[in-house]
Amino acid sequence: MKIDGTHYRSLWWNHEQNVLEIIDQRWLPHDFRVVPVATMQDFADAIYQMRVRGAPLIGATAAYGMALAMAEDPSDANMDAAWSFLEKTRPTAINLRWALDRCRAALRPLPQADRAAAALTLAHDIADEDVEINRRIGEHGLALIREIAACKPEGEPVRLLTHCNAGWLATVDWGTATSPMYHAHDAGVPLQVWVDETRPRNQGALTAWELGKHGVPHTYITDNAGGHLMQHGLVDMVITGTDRTTRQGDVCNKIGTYLKALAARDNGVPFYVALPSPTIDWTVRDGVAEIPIEERDAFEVTHVQGITGTGEIGMVQVTPDGTSGGNPAFDVTPNRLVTGLITERGVCNASAEGLASLFPEFSKAAE
Ligand SMILES: CSC[C@H]1O[C@H](OP(=O)(O)O)[C@H](O)[C@@H]1O
């Protein structure tokens with residue numbers, strides 16, 4: 001999307017330097033830093049340290065990591081080593097394994113001499129496909145937003161609430177949950193977006209930064225304010241992203257999503273999830289029982305990052321010395337709390353039947 005009039009993706013291939021470049025999201029929204037990802041350790045660090053983050057972007061990054069591995073050593077052994085090295089960086093977003101599996105399946109049958117070029121081409125394809133998938137999610141989500149707008153007085157904004165950052169920064173472009181917002185804004189549909197801060201890493205600040213750069217009206221709120229806003233009729237729709245959705249429509253997303261879904265159900269607010277098909281894990285049904293939830297460093301909870309009084313980006317400790325922290329990074333919203341799934345092929349119910357109706361080829365293959 002655009003930053004001060006200039007179009008960016010969240011990652012791109014520098015053809016002169018022959019290296020992947022990323023926006024290092026650890027320093028946003030206060031500092032915009034572009035860095036190369038030149039070694040396998042750089043790729044692992046970029047994913048684990050959340051220099052790149054968001055399920056689709058993690059997958060695209062991993063594909064470029066496999067391309068580097070094939071350029072260094074195209075052997076089967078190195079392919080498997082790269083798969084394992086990158087796959088272990090973060091356990092929850094299925095896109096990481098999806099991308100690595102897709103790369104390995106495509107590269108294994110090839111002569112070793114052809115693998116490096118093929119791997120880089122596949123990484124480019126995965127990145128480009130993500131952009132198109134998210135653009136289509138935006139179109140289908142726009143239709144839902146227009147339905148709400150049609151029931152409002154002329155000019156009154158549609159009030160959306162979103163959790164975490166499922167924006168263009170979490171994908172290669174457009175975002176998933178934000179794509180319908182950008183499409184609606186660009187189509188002239190008035191919006192007001194409630195942006196959850198999303199403790200502990202405050203990815204809501206990334207969403208606020210994105211929406212601000214695009215001119216979408218938004219308000220940054222605490223994670224605990226959403227239920228109150230819904231009780232007072234100030235939210236027309238909740239729309240979030242997902243890191244892994246099961247074949248029956250259970251949605252794993254940033255910690256706190258489940259609580260928003262409970263509040264939405266209690267207040268009759270539609271709760272939609274923007275779901276690109278690579279984020280569907282056809283091998284699991286019960287998300288609560290089967291999806292591994294990443295436990296991140298307690299430091300992320302006991303400390304918070306921001307701009308200090310001297311204008312530097314710094315961390316401050318918010319807890320007493322010696323207080324331990326718990327940091328489960330995701331939770332699972334059971335399908336019964338999800339109004340619908342907005343995919344690149346259309347909107348469906350959060351159910352096995354709903355997903356099978358849009359993706360019969362994948363559903364059948366997983367049986
Ligand atoms: C479009 S997927 C975005 C998804 O990923 C985020 O997790 P993280 O920032 O830890 O990578 C969050 O769950 C978002 O909804």
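If you're wondering where the values come from, they're calculated on a predicted model, not measured in any experiment.

**Student:** Requested: an account of the confidence of the model for the chain, with residues and values cited.
**Tutor:** For the chain, per-residue confidence averages 97 on the pLDDT scale, and 100% of positions sit at 70 or higher. When mean pLDDT is taken per element in the chain, strand E12 (residues 271–274) scores highest with 99 and helix H13 (residues 360–366) scores lowest with 86. Interface confidence for the predicted complex, given as ipTM, is 0.98, next to a pTM of 0.98.

**Student:** Give a description of the environment of Tyr 8 that names residues and reports values.
**Tutor:** Here Tyr 8 is to be found in the loop between strand E2 (6–7) and strand E3 (11–14). Exposure remark for Tyr 8: the relative accessible area of 23% places this residue in the partly exposed category. Counting along the chain gives 165 residues from Tyr 8 to Asp 173, while the straight-line C-alpha distance between them is 8.0 Å. Once residues within four sequence positions are removed from consideration, Tyr 8 is found in contact with Met 1, Ile 3, Phe 32, Trp 168 and Asp 173.

**Student:** Account for the UniProt feature "binding site: substrate" (unreviewed entry) in the chain, with residues named and values stated.
**Tutor:** The UniProt entry lists Arg 53, Gly 54, Ala 55, Arg 90, Gln 203, Asn 253 and Lys 254 under the feature "binding site: substrate" (unreviewed entry), expressed in the numbering used here. Locating Gly 54 in the fold gives a position in the loop between helix H1 (40–48) and helix H2 (55–72). Assessed through its relative accessible area of 11%, Gly 54 is described here as buried. For Gln 203, the location among the structural elements is in the loop between strand E7 (191–196) and helix H7 (204–214).

**Student:** An account of the nonpolar core is requested, with residue identities and associated values reported.
**Tutor:** Ranked by internal contacts, the top residues of the largest apolar core, which has 72 residues, are Leu 20, Tyr 64, Met 66, Leu 160, Trp 168 and Leu 191. If you tally residues by element for this core, the top one is helix H5 (residues 112–149), at 13 residues. Mapped onto the domain boundaries, this core takes at least three residues apiece from domain 1 (2–129) and domain 2 (140–365). With sequence-adjacent residues up to four places away left out, Leu 191 is seen in contact with Ile 145, Pro 157, Val 158, Leu 160, Met 181, Ala 184, His 185, Val 216 and Pro 217.

**Student:** Account for the side chain of Asp 236, naming residues and giving values.
**Tutor:** Relative to the elements of secondary structure, Asp 236 occurs in the loop between helix H8 (226–231) and strand E9 (237–240). Judged by its relative accessible area of 14%, Asp 236 falls in the buried class. Reaching out from Asp 236, the side chain makes a polar contact with the side chain of Lys 152 at a distance of 3.1 Å. At a separation of 2.7 Å, a polar atom in the side chain of Asp 236 contacts the main-chain amide nitrogen of Arg 159. Other than its neighbours up to four places away in sequence, Asp 236 contacts Ile 148, Lys 152, Pro 157, Val 158, Arg 159, Val 269 and Pro 270.

**Student:** Pulling in residues and values, what's your account of the sheet that holds E7?
**Tutor:** One open sheet holds the seven strands; their spatial order is E8-E7-E6-E9-E12-E17-E18, and the pairing between them is mixed. For this open sheet the edge positions go to strand E8 (218–221) and strand E18 (346–348), each flanked by a neighbour on one side alone. For this sheet the average axis-to-axis angle between neighbouring strands, irrespective of direction, equals 25 degrees. Where E9 meets E12, three bridges bridge the pair, whose relative direction is parallel. Its bridge partner being in E12, Thr 240 is matched across the sheet by Val 273. Seen against the sheet, helix H9 (residues 257–266) touches strand E6 (158–162), E7, E9 and E12 and runs at an angle of roughly 145 degrees to E12.

**Student:** Give a detailed account of the environment of Val 52, specifying residues and quantitative values.
**Tutor:** Along the chain, Val 52 turns up in the loop between H1 and H2. Using a relative accessible area of 0% as the deciding quantity, one classes Val 52 as buried. Aside from chain neighbours lying at most four places away, what touches Val 52 is Ile 22, Gln 25, Ala 46, Ile 47, Leu 57 and Thr 61.

**Student:** If you had to explain helix H4 (residues 94–107) to someone new, which residues and values would you point to?
**Tutor:** Count 3.6 residues to each turn of an α-helix, and residues three or four apart come out pointing the same way. Taking 1.5 Å of rise per residue, the 14 residues of H4 would be expected to cover 20 Å, and the 20 Å separating its terminal C-alpha atoms lies within 8% of that figure. Of the positions making up H4, those classed as buried are Ile 94, Asn 95, Leu 96, Ala 99, Leu 100, Cys 103 and Leu 107.

**Student:** Could you give an account of the packing of helix H6 (residues 178–186) against H7, naming the residues involved and the relevant values?
**Tutor:** Two elements in contact, H6 and H7, have axes separated by 11 Å at closest approach and are oriented at 20 degrees. Taken together, the axes of H6 and H7 are roughly parallel relative to one another. Crossing of H6 over H7 shows right-handed handedness. Contacts between H6 and H7 involve Thr 178, Met 181, Tyr 182, His 185 and Asp 186 on the former and, on the latter, Glu 210, Leu 211 and His 214. Broken down by class, the residue content of the contact of H6 with H7 amounts to three nonpolar, three polar and two charged.

Thresholds, definitions, all that
- Residues numbered from 1 in each chain as written.
- Predicted model: local features only at pLDDT ≥ 70, side-chain atom pairs only at ≥ 80, totals over all residues.
- Heavy atoms only, no water.
- pLDDT = per-residue confidence, 0-100.
- Helix = DSSP H or I, 4+ residues; strand = E, 2+ residues; numbered from the N terminus.
- Buried < 20%, exposed > 50% of the residue type's maximum accessible area, 1.4 Å probe, protein only.
- Contact = heavy atoms within 4.5 Å.
- UniProt positions renumbered as here; feature names shortened; annotations may be inferred.
- Core = buried A, V, L, I, M, F, W, Y, C linked by side-chain atoms within 4.5 Å.
- Domains from an automatic or database assignment.
- Polar contact = N/O pair within 3.5 Å; in protein donor to acceptor, adjacent residues only side chain to side chain.
- Pairing = 2+ DSSP bridges.
- Axes fitted to C-alpha atoms, helices over the stretch in contact; angles between N-to-C directions.
- Expected span 1.5 Å × (residues − 1).
- Parallel < 35°, antiparallel > 145°, perpendicular 65-115°, else oblique.
- Left-handed = near helix turned anticlockwise from the far one by under 90°.
- Nonpolar A, V, L, I, M, F, W, Y, C, P; charged D, E, K, R; others polar.

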